[in-house]
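Structural overview
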Amino acid sequence: MTTYGVTMGDYITVSTKVRRELKEEADRLGVKISEVLRRALEEEVKRRKLEELEKKLGEVGEALDRIDIDRVVKSIREDREDR
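Computed from a predicted structure; not experimentally measured.

This part covers the overall build of the protein chain. Counting secondary structure elements, the protein chain contains 3 helices and 2 strands. Taken from the N to the C terminus, the helices and strands of the protein chain come in the order β-β-α-α-α. Computed over its C-alpha atoms, the radius of gyration of the protein chain comes to 26 Å, more than 25% above the 12 Å expected for a compact globule of 83 residues. By residue count, 1% of the 83 residues in the protein chain fall in the buried class. A distance of 5 Å separates the average location of the 20 positive side-chain charges in the protein chain from that of its 21 negative side-chain charges.

Right, dumping it as structure tokens:
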């Protein structure tokens, strides 16, 4: 079976423990626990990947801030003149 380009073999089972009362209430309310957990995990992974990306962008920004633009421009102009 394929769903959105992902085969069933691409899935693994992850389990967790919850309070009995919470499970019973979720069942009573018709909550599809696996869907809720899957969506919550996807959102958390996405949030953390964004945090990681923001951190890396900050590091790149700091590196770019240390570049002396006037020196780069001067070097380019000198290179052009030497040709």
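Right, picking up where we left off after that structure.
Let us look at the confidence of the model for the protein chain. Taken residue by residue, the protein chain gives an average pLDDT of 88. The fraction at 70 or more is 90%. Of all helices and strands in the protein chain, the one with the weakest mean pLDDT is strand β1 (residues 2–3) (52), whereas helix α1 (residues 20–29) scores best (98).

Taking 1.5 Å as the rise per residue, helix α3 (residues 69–82) with 14 residues should run 20 Å; its terminal C-alpha atoms sit 20 Å apart, in good agreement. Of all 14 residues making up α3, only 0 are buried, and the element is barely covered by its neighbours. A side-chain oxygen of the first residue of α3 lies 3.2 Å from the backbone nitrogen of D70; this N-cap is D68.

Calculation notes
Residues numbered from 1 in each chain as written. Predicted model: local features only at pLDDT ≥ 70, side-chain atom pairs only at ≥ 80, totals over all residues. Heavy atoms only, no water. Helix = DSSP H or I, 4+ residues; strand = E, 2+ residues; numbered from the N terminus. Rg over C-alpha atoms; globule rule 2.2 N^0.38 Å. Buried < 20%, exposed > 50% of the residue type's maximum accessible area, 1.4 Å probe, protein only. Lys, Arg positive; Asp, Glu negative; His and termini not counted. Charge placed at Lys NZ, Arg CZ, Asp CG, Glu CD. pLDDT = per-residue confidence, 0-100. Expected span 1.5 Å × (residues − 1). Polar contact = N/O pair within 3.5 Å; in protein donor to acceptor, adjacent residues only side chain to side chain.

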